[in-house]
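Below, each chain spelled out in residue letters.
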Amino acid sequence: MRDEFKTLRKFDAGNGREGFLYSLPALEDQGIGTISRLPVSIRIVLESVLRNCDGKKVRRKDVETLANWNAKSPANEEIPFIVARIVLQDFTGVPLVVDLAAMRSAVKRLGGDPKIIEPLVSVDLVVDHSVQVDFFGSARALQLNLEMEFKRNRERYQFLKWGQQAFKTFQLIPPGIGIVHQVNLEYLAKGVLSQKSEVEGQKSEVFYPDTLVGTDSHTTMINGLGVVGWGVGGIEAEAGMLGQPVYFLTPDVVGVHMTGQIREGVTATDLVLHITQLLRAQKVVGKFVEFYGEGAASLPIPDRATIGNMSPEYGATMGYFPIDQESLDYLRATGRSDEQCRAFENYFRAQKMFGMPRKGEIDYSVDVELDLAEVQPSVAGPKRPQDRISLPELGKTFRELLEKPVSDGGYGKKHVDLREKHLVELNGSAPRNGNMASSDTKEDQGINPGDELNKIEMVANRPTPDSGREIEAESGEVFAQGHSRIGHGSVLIAAITSCTNTSNPSVMIAAGEICRGRGWCSRGGRCRGRCR
């Protein structure tokens, strides 16, 4: 067992178990940095660098440089961060499994044992990005969509199923379970992991923090649980699968000191829009953001996860919340075992990282103040999700934007009668029988030369299309028609697919309740409470 700095210590892992950990307090006792004043997110990265220090991929100098992190002037050095696990969504995950299969084929052709090709860290692939909604407005919609999903993607799913049984460290989460971030937060994350090892000639168990990278920019939702992780590209994820470090420059860490409590009627979405506006003004691109203080401690994990999820929108690498009692309670509430929860709590207490930091206990590059009581109900937009309009100003702002030129962020609608309503047909119809949009053909999709890449991705990056005739033959009755009258300023609730919201029960229930009380929902025409 490597122990370059002689920091391996025994601790009580709970339930009568003894475990070992690489002690950060022991490293500080050696005079290597004032580690107890480092941001918690930096300490967790430091633990990985310390534990994996082998003189090759990770050097003594890397440990010493990060342990002496300077809040006001971080060293211009790359950190070799070896993560504990990888999370993949299916669009980017399938090519990575293909690469592993190709490596096994190459080894076999050379006369070797193909089983030597194996991810060196745990890999979880959640099938969610390729899921389409063909049927809605029916109690059978879920069943019909899943049937179509498996039919449409049979070849891909057969290959992924092979991958699950071929690789010991690869786990597949099938469609219909939830979005990748929800599954990661509620099921995959353990808070602390362990590995069987040999310490001083005896079999033992070494514990270390749960850390990860994922192939989706909103992987940062897991930061709300106190897990360090962020989104990367496929190449970086594949390198991580093979045990290679993820390299990044030593970051600034922006501390957000939260005080007060959220007022009644203010949702997590209102809060995250407020925070996004605040942090975009602070220019936090490429930095860690760490939330702390009594206000942060008062937030439940789903609200913290909502804030962490929006890190890409405010530009930060992470939006991190330290581990505290709320984190532990969430693990218990979501079905983690008592053994796992005790190990989680005891590990972070032994590392002196359990509990929400208070003002003055941590050195941050920049400190930002946020009083939660000042957050108002608001609406995202008008055109970008990171923009915000306070609810009391919505009517006035909407009327101004309606006539404002498009070049100035408005809609360019002159002389509009807001009382005018138009008849619309609801619940849709089977797709057309001609060619449908796919990633191979850009024609007839409303994509113009020079359009943003994200528009091309969202419109054109779809699984193999099916003809409308084929879908309608499956179940024509789900396309029953409805109608309503809407105009400029009508409030509509679309299918809620934003990953910022779907892992937060309170905002999902709120949307369903609004829809149930009055209005239309794309899931089922005039809402009859099916969202609940």
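Being a predicted model, the structure only gives us computed values, none of them experimental.

Asker: Mind showing me how you'd approach the layout of surface pockets here?
Answerer: The method is simple in principle: a probe with the dimensions of a water molecule rolls over the atoms, and the space it marks as empty is what remains. Within this model, the second largest pocket holds a volume of roughly 730 Å³. Along its surface, the second largest pocket is lined by 25 residues, and A84, L120, V121, Q195 and Y208 are the ones closest to its centre. When residues of the lining of the second largest pocket are assigned to their parent elements, the largest contribution, four residues, is made by strand β7 (residues 192-199). Of the residues assigned to the lining of the second largest pocket, the class counts are 11 nonpolar, seven polar and seven charged.

Asker: I keep staring at the sheet that holds strand β13 (residues 288-292) and nothing clicks. Help me out?
Answerer: In a beta sheet, neighbouring strands are held together by backbone hydrogen bonds and run either parallel or antiparallel to one another. Ordered in space as β14-β13-β12-β15, the four strands form an open sheet in which the pairing is parallel. What marks the edges here is a single partner per strand, and that holds for β14 (318-320) and β15 (366-371). Strand-to-strand twist of the sheet, defined as the mean angle between neighbouring strand axes without regard to direction, takes the value 20°. Its contacts with the sheet place helix α2 (residues 40-51) against β12 (253-259), β13 and β14, and it is angled at close to 120° to β13. In the packing of helix α9 (residues 268-282) onto the sheet, the strands contacted are β12, β13 and β15, and the crossing angle to β15 comes to about 150°.

Asker: Help me out: how do you make sense of the pattern of salt bridges in this one?
Answerer: Pairs can form between side chains of opposite charge once their charged atoms are near each other. According to the stated counting rule, one finds 18 salt bridges in the structure shown. Of the charged contacts in the structure, one is a salt bridge between R60 and E4, with a shortest N-O distance of 3.5 Å. Of the two residues, R60 is situated in helix α3 (residues 60-67) and E4 in the segment before β1 (8-14); the sequence distance between them amounts to 56 residues. R60 sits in the partly exposed class, given a relative accessible area of 36%.

Asker: Could you clarify how one ought to interpret the nonpolar core in this entry?
Answerer: It is characteristic of soluble globular proteins that their nonpolar side chains tend to be buried jointly. Counting residues in hydrophobic clusters, the biggest one holds 117 residues, and the most contacted among them are M258, F291, I307 and Y314. Here this core gets seven residues from one element, more than from any other, and that element is α2. The residues touching I307, leaving out its near neighbours within four places in the chain, are M258, L271, V272, I275, F291, L299, Y314 and F321.

Asker: Could you clarify how one ought to interpret the side chain of R388 in this entry?
Answerer: By the secondary structure assignment, R388 is in strand β17 (residues 388-390). Of the side chains with opposite charge, E393 comes closest to the buried, unpaired R388, at an N-O distance of 7.5 Å. Of the polar contacts made by the side chain of R388, one reaches the side chain of Q277; its length is 2.7 Å. At 3.2 Å, the side chain of R388 forms a polar contact with the side chain of S390. Apart from residues no more than four positions distant in its own chain, R388 is found in contact with L273, H274, Q277, S378, V379 and G381.

Asker: For this particular structure, what's the right way to read the packing of aromatic side chains?
Answerer: Each aromatic ring pair is characterised by the separation of its centres together with the angle its planes make. Taken as a whole and judged by the stated rule, the model has 14 aromatic pairs. With a centroid separation of 5.2 Å and 70° between ring planes, the pair formed by F150 and Y157 is classed as edge-to-face. Under the relative-accessibility criterion, F150 is labelled partly exposed at 40%. The exposure class of Y157 is buried, given its relative accessible area of 10%. One aromatic cluster in this structure is built from F11, F207, F344, Y347 and F348. Taking the ring centre of Y187 as reference, the NZ or CZ of K190 above it sits at 5.6 Å.

Asker: Sorry, what's going on with unusual backbone geometry here?
Answerer: One can expect most non-glycine residues to show negative phi and most peptide bonds to be in trans. In this model, K6 sits at a positive phi of 55°, which is unusual for a non-glycine residue. Relative to the assigned elements, K6 resides in the segment before β1.

Definitions and cut-offs
Residues numbered from 1 in each chain as written. Predicted model: local features only at pLDDT ≥ 70, side-chain atom pairs only at ≥ 80, totals over all residues. Heavy atoms only, no water. 1 Å grid on protein atoms, 1.4 Å probe; cavity = no way out; pocket = protein on both sides within 12 Å on 5 of 7 lines; lining within 4 Å. Points joined across faces, edges and corners; volume = space filled by probe spheres on them. Helix = DSSP H or I, 4+ residues; strand = E, 2+ residues; numbered from the N terminus. Nonpolar A, V, L, I, M, F, W, Y, C, P; charged D, E, K, R; others polar. Pairing = 2+ DSSP bridges. Axes fitted to C-alpha atoms, helices over the stretch in contact; angles between N-to-C directions. Contact = heavy atoms within 4.5 Å. Salt bridge = Lys/Arg side-chain N within 4 Å of Asp/Glu carboxyl O. Buried < 20%, exposed > 50% of the residue type's maximum accessible area, 1.4 Å probe, protein only. Core = buried A, V, L, I, M, F, W, Y, C linked by side-chain atoms within 4.5 Å. Lys, Arg positive; Asp, Glu negative; His and termini not counted. Polar contact = N/O pair within 3.5 Å; in protein donor to acceptor, adjacent residues only side chain to side chain. Phe/Tyr/Trp six-rings, centres within 6.5 Å; stacked < 30°, edge-to-face > 60°. Lys NZ or Arg CZ within 6 Å of the ring centre and 35° of its normal.

Functional significance is not addressed by these values, which are geometric in nature.
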